[in-house]
Amino acid sequence: MFTGLLFVAGAALASTSACTDQLEKYNSCLSAVDPNILKSHSLFDINKTCEILNGDDCIDFIKDVYTPSVNCSIKDENEKDSALSIVNLKIAYLKYCVTDDEGVICPLSEHLL
């Protein structure tokens, strides 16, 4: 978790103000999720990630998860890692963590698990 925080803080120093604002907005969420878990196919790791994403640290992130754009540019070498972190976290949430109003996981997500 500490390395994620250092990454976010370091990335903010070399980014545009729009990217920096977005990193600051999502900082608690990006710092809470271990990037290595996003690469895992373990049901335990995926469930742990979904718990974090649906928790208090990620409220701002989840509010924007359906917004396709990211303020950090993948084409800018200073912002690329930040942009990819945000996009990959959005993909992970949409791929594994989406539920209906009753908390039932999406059938596609269930199939992927």
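Provided above is the structure to which this section pertains.
My aim in this report is to walk through the structure given alongside it, one point at a time. (Residues numbered from 1 in each chain as written. Predicted model: local features only at pLDDT ≥ 70, side-chain atom pairs only at ≥ 80, totals over all residues. Heavy atoms only, no water.)

## Section: the pattern of salt bridges
Right, on to step 1. Counted under the stated rule, the structure contains 2 salt bridges.
Right, on to step 2. Note that D64 and K25 form a salt bridge whose closest N and O atoms lie 2.6 Å from each other. Here the residue D64 occupies a position in the loop between α4 (59–63) and α5 (80–96), and K25 occupies one in helix α2 (residues 17–32), the gap between them amounting to 39 residues. (Salt bridge = Lys/Arg side-chain N within 4 Å of Asp/Glu carboxyl O. Helix = DSSP H or I, 4+ residues; strand = E, 2+ residues; numbered from the N terminus.)

## Describing the packing of aromatic side chains
Right, on to step 1. Following the criterion strictly, the structure yields 1 aromatic pair and no others.
Right, on to step 2. With 5.3 Å between their ring centres and 80° between their planes, Y26 and F61 make a pair best called edge-to-face. Placement of the pair is Y26 in helix α2 and F61 in helix α4, with a sequence separation of 35 residues.
Right, on to step 3. The class of Y26 is buried, set by a relative accessible area of 2%. (Phe/Tyr/Trp six-rings, centres within 6.5 Å; stacked < 30°, edge-to-face > 60°. Buried < 20%, exposed > 50% of the residue type's maximum accessible area, 1.4 Å probe, protein only.)

## Here's the deal with the nonpolar core
Right, on to step 1. Counting residues in hydrophobic clusters, the biggest one holds 21 residues, and the most contacted among them are L53, F61, C72, I86 and L89.
Right, on to step 2. Elements that contribute at least two residues to this core include exactly α2, α3 (43–53) and α5.
Right, on to step 3. Apart from the residues within four sequence positions on either side, F61 is in contact with Y26, C29, L53, I86, L89 and K90. (Core = buried A, V, L, I, M, F, W, Y, C linked by side-chain atoms within 4.5 Å. Contact = heavy atoms within 4.5 Å.)

## Quick word on α2
Right, on to step 1. The first and last C-alpha atoms of α2 sit 23 Å apart over 16 residues, in line with the 22 Å expected at 1.5 Å per residue.
Right, on to step 2. Taking the largest bend as the criterion, α2 deviates by roughly 65°, centred on Y26.
Right, on to step 3. Those residues of α2 that fall on the buried side of the exposure criterion are C19, T20, Q22, L23, Y26, C29, L30, S31 and A32. (Expected span 1.5 Å × (residues − 1). Bend = angle between axes of the 7 residues up to and from the residue.)

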